[in-house]
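Structural features, examined
Residues per chain are reported as follows:
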Amino acid sequence: MSLTRDRRYQKGNCFVLMPYGVKELPNGQKFDWDEHWTEVLEVAIKQAGMTPVRADNMAGPGLIMDRLWQGIQEAEVVVADLTGLNPNVLYEFGLAHAVNKRILILSMFPNDTPVDLQQFVQIPYTANTLQLAKNLATNLDAARKLQPNEMKLVPIDVVELVRSAKVLSVMPDFAMIKADTGRVGVLSAEDFAWTRIPDLTRALQIGRDLKNGAFVVDANGQQKFSLIHDENENPWLKLAKEFPLNSEFRSVVGNVKDGTGAWVRMNYGIDGFIPQRQLPRGVVAGIDIEAQVMEINQAKRQVSLQFVKIPSGPPPKDQAWPFRRGQVCEGYIVKTAPDRGFALVKIEHENQPITGLLHNTNMSPALRDRLFNQELRVGDPVRVEIVHFDPIKPSIKFRERPSDTAAPVSETELVEAY
């Protein structure tokens, strides 16, 4: 059996690790695990709106261990019954742990869970199967709300690096491109930028020159063209570390749309969204707000936030620092690094200068093309907005705000920080 991570998790799949058949419990009683599966666990999992899966009821050829590995990989949540410390279940638990799955532990006896596994959610149970079903359904619902942080799939295989490619045609969801080598491929919206691109026709035009892309093959064997093939530059992984689930933070409201909600500045050119129904009256662009992180969804390029409060007074850490997130400043280029995809910009406010990073994903298409075509020069003026700051280091990061941009740009308006 190969332990290569080659399958994505399937939304709603709940994979159960447990003994099979009739086994003797630590107290000497006989217990029918197959009956327990059919009459209790399957029912509880379905009540939670999920699909119950066990390796022995998975269809298809192959060894049972191959199907087990497939089931673990495809599980949104893994449930492991450690009653009696069955060696097979413990081994399978190790595989699920290695993938960093969201795991719930079931057990009948207090000593069934090793000390090293106490970090996982424990659901003890006895003969009261109704209580077990209720507790399992509740914890499954809670586990699904946690942000997954699983082992990555087989690394993307870069087939060919491309210095330049032309857009042949463009649709809302994808564009056809032709590389300078003559190779033709498909560029999807999710492979164009790390930020949300709801309509590629507003970002690309036929004939536009795209720099530093690559033809890649993903874990599903699909070949495609990508401008974001370097996972080391993935801002969503960094964002998830800096803004853990349920954490609260203070920032500035970048944009408000009546009847929809508000977008709150975070980091890396990414905004979090608070629905209109949660917002009190008086929330407008530019004011400080405290919010709680509810979900970070890289696939949809969305961050869901919950309103906490409108704070009073200045932020505690940067009262003496003149720079704040959301602030727009006039600056100039002090360094360009087209091979690494960024430029350094110096700004000055209240006679205090500072130099910060302007990544190509936070540039307008015009400025990005100038960077990669090596037409951007030291001393060139640029108007930027502060998207991240750390007054302790200090450090600062920008996104470009062209002079004709009248208000902070939200994720609903495509121009946001590619």
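Procedures and definitions
- Residues numbered from 1 in each chain as written.
- Predicted model: local features only at pLDDT ≥ 70, side-chain atom pairs only at ≥ 80, totals over all residues.
- Heavy atoms only, no water.
- Axes fitted to C-alpha atoms, helices over the stretch in contact; angles between N-to-C directions.
- Helix = DSSP H or I, 4+ residues; strand = E, 2+ residues; numbered from the N terminus.
- Parallel < 35°, antiparallel > 145°, perpendicular 65-115°, else oblique.
- Left-handed = near helix turned anticlockwise from the far one by under 90°.
- Contact = heavy atoms within 4.5 Å.
- Nonpolar A, V, L, I, M, F, W, Y, C, P; charged D, E, K, R; others polar.
- Expected span 1.5 Å × (residues − 1).
- Buried < 20%, exposed > 50% of the residue type's maximum accessible area, 1.4 Å probe, protein only.
- Arc of directions from axis to C-beta.
- Polar contact = N/O pair within 3.5 Å; in protein donor to acceptor, adjacent residues only side chain to side chain.

1. Quick look at the packing of helix H2 (residues 64–74) against helix H3 (residues 87–98)
Their axes nearest at 10 Å, the elements H2 and H3 cross at an angle of 40°. One element, H2, and the other, H3, form an angle in the oblique class. As for how H2 packs across H3, the hand of that crossing is right-handed. The segment H2 lies against H3, with Met65, Leu68, Trp69 and Ile72 engaging Tyr91, Glu92, Leu95 and Ala96. When the residues that make up the contact of H2 with H3 are grouped by side-chain class, the tally is seven nonpolar, no polar and one charged.

2. A look at H3
With 12 residues, H3 ought to run about 16 Å at 1.5 Å a step, and its terminal C-alpha atoms sit 17 Å apart, in line with that. Every buried residue of H3 is accounted for by Val89, Glu92, Phe93, Leu95 and Ala96. Buried residues in H3, looked at end-on, bunch into an arc of 160°, giving them a common side. Opposite its buried face, H3 presents the exposed residues Pro87 and Ala98, each directed more than 90 degrees away. Structurally, H3 contributes buried residues whose contacts are with strand E1 (13–17), H2, strand E5 (77–81) and strand E6 (103–107). With a side-chain oxygen positioned 2.9 Å from the backbone nitrogen of Asn88, the residue opening H3 is Asn86. Downstream of H3 by a residue or two, Asn100 has a phi angle that is positive, lying close to 65°.

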